[in-house]
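# Coordinate inspection notes
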Amino acid sequence: MRRDSRRTILATMILGLLLPLASPAAAADPEIDRLLRGPVGKDWVTNGGNLTNQRYSTLAHIDTANVKQLKGAWMTRLKASGAAGKYSLEASPLVKDGIMYVITGNDDAFALNAKTGEILWEYWSGIDQKISTACCGWVNRGLAMGEGLLFLGQLDANVVALDMKTGKVAWKTPIEKWENGYTITSAPLYYDGIVYSGIAGGEFGVRGRLTALNAKSGEILWRWHTLPAPGEFGSETWPPGTDHSKRGGATIWNTPALDPDLGLIYFATGNCGPDYDGSMREGDNLFCASMIALKAKTGEYAWHFQQVHHDIWDYDAASPVVLFDTVINGQPRKGIAEAGRTGWLYLLDRTNGKPLIGIEERPVPQEPRQKTARTQPYPIGDATVPQCADPVPGYEKAGCIFEPFWETPVVLRPSGLGGTNWSPVPYSPATGYFYVPGTVRSSAFARTGDKYFLGQRYVGGTQAAPIGTEMSGRFTAMDATTNKIAWQHKTPYRLGGGGGSTVTAGNLLFRGEPDGNVLALDAKTGEELWRFQTGFGADAPPVVYEVDGEQFVAIATGGNQLQGSAYGDAIWAFSLKGQLGPLWPPPPPSTVAGPTGPIATGVDTIKMGGINVEYSFVPGRVRIKAGTTLTFMNVGDLPHNATAWQTRGWDTGVLPSGGKTSVTFDKPGVYYYICTPHPWMYGQVIVE
Ligand SMILES: [Cu+2]
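Everything in this summary refers to the structure shown in the same document.

Rules and cut-offs
Residues numbered from 1 in each chain as written. Predicted model: local features only at pLDDT ≥ 70, side-chain atom pairs only at ≥ 80, totals over all residues. Heavy atoms only, no water. Pairing = 2+ DSSP bridges. Helix = DSSP H or I, 4+ residues; strand = E, 2+ residues; numbered from the N terminus. Axes fitted to C-alpha atoms, helices over the stretch in contact; angles between N-to-C directions. Phe/Tyr/Trp six-rings, centres within 6.5 Å; stacked < 30°, edge-to-face > 60°. Buried < 20%, exposed > 50% of the residue type's maximum accessible area, 1.4 Å probe, protein only. Lys NZ or Arg CZ within 6 Å of the ring centre and 35° of its normal. Arc of directions from axis to C-beta. Contact = heavy atoms within 4.5 Å. Salt bridge = Lys/Arg side-chain N within 4 Å of Asp/Glu carboxyl O. Disulfide = S-S within 2.5 Å.

## Overview of the sheet that holds strand 37 (residues 550-557)
- Taking strand neighbours across the sheet as the criterion, the 4 strands line up as 2-38-37-36 in an open arrangement whose pairing is antiparallel. In this open sheet, the two edge strands, each paired with only one partner strand, are strand 2 (71-77) and strand 36 (543-547). Mean inter-strand twist for the sheet, computed between neighbouring axes without regard to direction, equals 30 degrees.
- In this structure, strand 2 lies alongside strand 38 (residues 570-575), joined through 6 bridges in antiparallel fashion.

## Considerations on the packing of aromatic side chains
- All chains considered together, the criterion is met by 43 aromatic pairs.
- Here the aromatic rings of Phe-151 and Trp-171 are separated by 6.0 Å at their centres, their planes lie at 35 degrees, and the arrangement is tilted. Here the residue Phe-151 occupies a position in strand 8 (residues 149-153), and Trp-171 occupies one in strand 10 (residues 169-174), the gap between them amounting to 20 residues. Accessibility assignment for this pair places Phe-151 and Trp-171 in one class, buried.
- Three or more aromatic residues joined by ring pairs form one cluster here, namely Phe-617, Phe-632, Trp-650, Phe-665, Tyr-671 and Tyr-673.
- Above the face of the Trp-422 ring, Arg-341 is positioned so that its terminal group lies 5.9 Å from the ring centre.

## Some remarks on helix 2 (residues 30-37)
- All buried positions along helix 2 are accounted for by Ile-32, Asp-33 and Leu-36. Down the axis, helix 2 shows its buried residues gathered within 100 degrees of arc, on one side only.
- Where helix 2 is buried, its residues meet strand 3 (94-96), strand 7 (144-146) and strand 11 (189-191).

## Overview of the pattern of salt bridges
- Counted under the stated rule, the structure contains 30 salt bridges.
- In this structure, the salt-bridge partner of Asp-316 is Arg-341, at a minimum N-O distance of 3.1 Å. On the criterion of sequence distance, the pair formed by Asp-316 in the loop between strand 18 (301-306) and strand 19 (322-328) and Arg-341 in the loop between strand 20 (331-339) and strand 21 (345-349) is long-range, its members being 25 residues apart. Exposure class is identical for Asp-316 and Arg-341. Each is buried.
- Measuring nitrogen to oxygen at the nearest pair gives 3.3 Å for the salt bridge that ties Asp-349 to Arg-333. A residue pair is termed long-range when its members are at least 10 positions apart, and Asp-349 in strand 21 and Arg-333 in strand 20 qualify at 16 residues.
- Residues joined in a network through salt bridges with shared partners are Glu-31, Lys-42, Asp-43, Lys-96 and Asp-97.

## A look at the state of the cysteines
- In the structure shown here, the tally under the stated rule is 3 disulfides.
- Here Cys-135 connects covalently by a disulfide to Cys-136, the sulfurs 1.7 Å from one another.
- On the accessibility criterion, Cys-135 (9% relative accessible area) is buried.
- The side chain of Cys-388 participates in a disulfide bridge whose partner is Cys-400; the two sulfur atoms lie 2.0 Å from each other. Between Cys-388 and Cys-400, the S-S torsion sits near 100 degrees, and that sign places the bridge as right-handed. A residue pair is termed long-range when its members are at least 10 positions apart, and Cys-388 in the loop between strand 23 (375-379) and strand 24 (397-399) and Cys-400 in the loop between strand 24 and strand 25 (410-412) qualify at 12 residues.
- Since its relative accessible area comes to 37%, Cys-388 is described here as partly exposed.

Below, the structure is given as structure tokens:
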């Protein structure tokens, strides 16, 4: 109801700047535009396959009958770019006319012969290694192409265009400064002469936005802020007379989709900031955790749907939106879907943002100090992950989704890591299913409060998985016409933080696993038909392409720090003519929260970010005598601390790279600790 009235008011309002008049009548790159609009065939020219983000390939040479013969055609190492603990490798390689383009977590790009894997050119970004505002690992989720250029967003908040023939920089446009908390991790989208780029930084008190650039020159055409300025539509959902909405997050973690017939561009936004503290930002806080449609040419607002009102759980909408056409109750419908961190798949009508199947506003538990929203949207249908946490010893309270918290930790599922996080979700028009990867993990949420300083972490609390609790995953096929589970696999490792999958007209679904395996499933039934060990964390979405009549499936295997998969720098391509066999398995991610590894003795120093694994304490577990002093030394690239878990008895303070401090342990006992900025880092001290 309230959305309706807002929309009428809005019909006359224009947000963002208008394009200068007279966009060119002729398309700047008719061939790429045609490939972007059509079904995906031999080339894979944008991150999501085409403008829909469906990741559905019409290639069907490889099918359920012959997939067992699939072997490695080639494997290429990307010269150790991004092969270290602080990086994730999540990009979809792009392919055009037999050449593959891929980008690593260090924003270095490579062109490869897509048939042989031979490296043709290299672009080394040279980005500042001191960047300290990448929230969740150094990562680049992919490229876009058009007009003979490749487009990428960098962690230093520049959008860059490279000459596709040489890898030389054609232009470089700063969107913001990383020192102010802004980074770019999403793949841009190119269409009809415009490059669209989102920006990240929701953990650093930033103001999210979509920026449209002239593809030829890099000139900024317009920007649309995801957080309204005072007086703008949506500003009434923030406290009047304050500037909380200027640093309220709502960043864009992933590639937009675009409907050329409707002339609309679509994307989803991240959490509200500060993440876990809603006490000073009473109201629904638009446009956090929302799906948004704008006019693609001008950036004018069209509609929005907010998945989580007044988010205090870090429930981003981080997975790319997907456009699809379907028939519901005999009516053809134009749909849009997004798999949220909440564990739900949100299905809307993309012409107007209204639910396709039904989403109910239901009353939820309240915490007045957090200014919680009275109701939250509950999609009709199934969730893909459990939405209630089991009780955990030592915690007063365990709850379900939307359970509020204050300063006493409350254990919840889904945790802020998902449900579905950054992983893309493909859609097969043949099966009518969405394929949703999800994380099953409990978090103990607590509000602590943070002061805002430009460029500093601004999250207002913490969420960490209680020591010893399960961490696993679900891979679910969801029926797009009912929003119900068609089939579901329980998986040993968390999914949805990287990875993702791709589906083909050969009725095959390809996906990677954090333990290094790449799988092929029957897309209709879910039956596993093929599995291949790549030797590195296979935590990126595969792509499908054809060269000289031969079909290939390719995947970047370089691990993902948040998923705990093994790092590397490899691109694998598979084909029916392939000759390469599997590699030795890398160490698998842990399936239980908490410190892992053997208990070390005779230790006086704990390294933070040690042995090239950024988010780790090394050794993770030590046994010492009462009265021993341990030195915590940050040998990583990012700031870290060590703070007593639950008891909050001691804290090293946040140490910059190279910093160190000492803590003396006098009383016998078993002590756990975490890093506050990275609460998935655990350590244990056993004092005897
Ligand atoms: Cu840390």
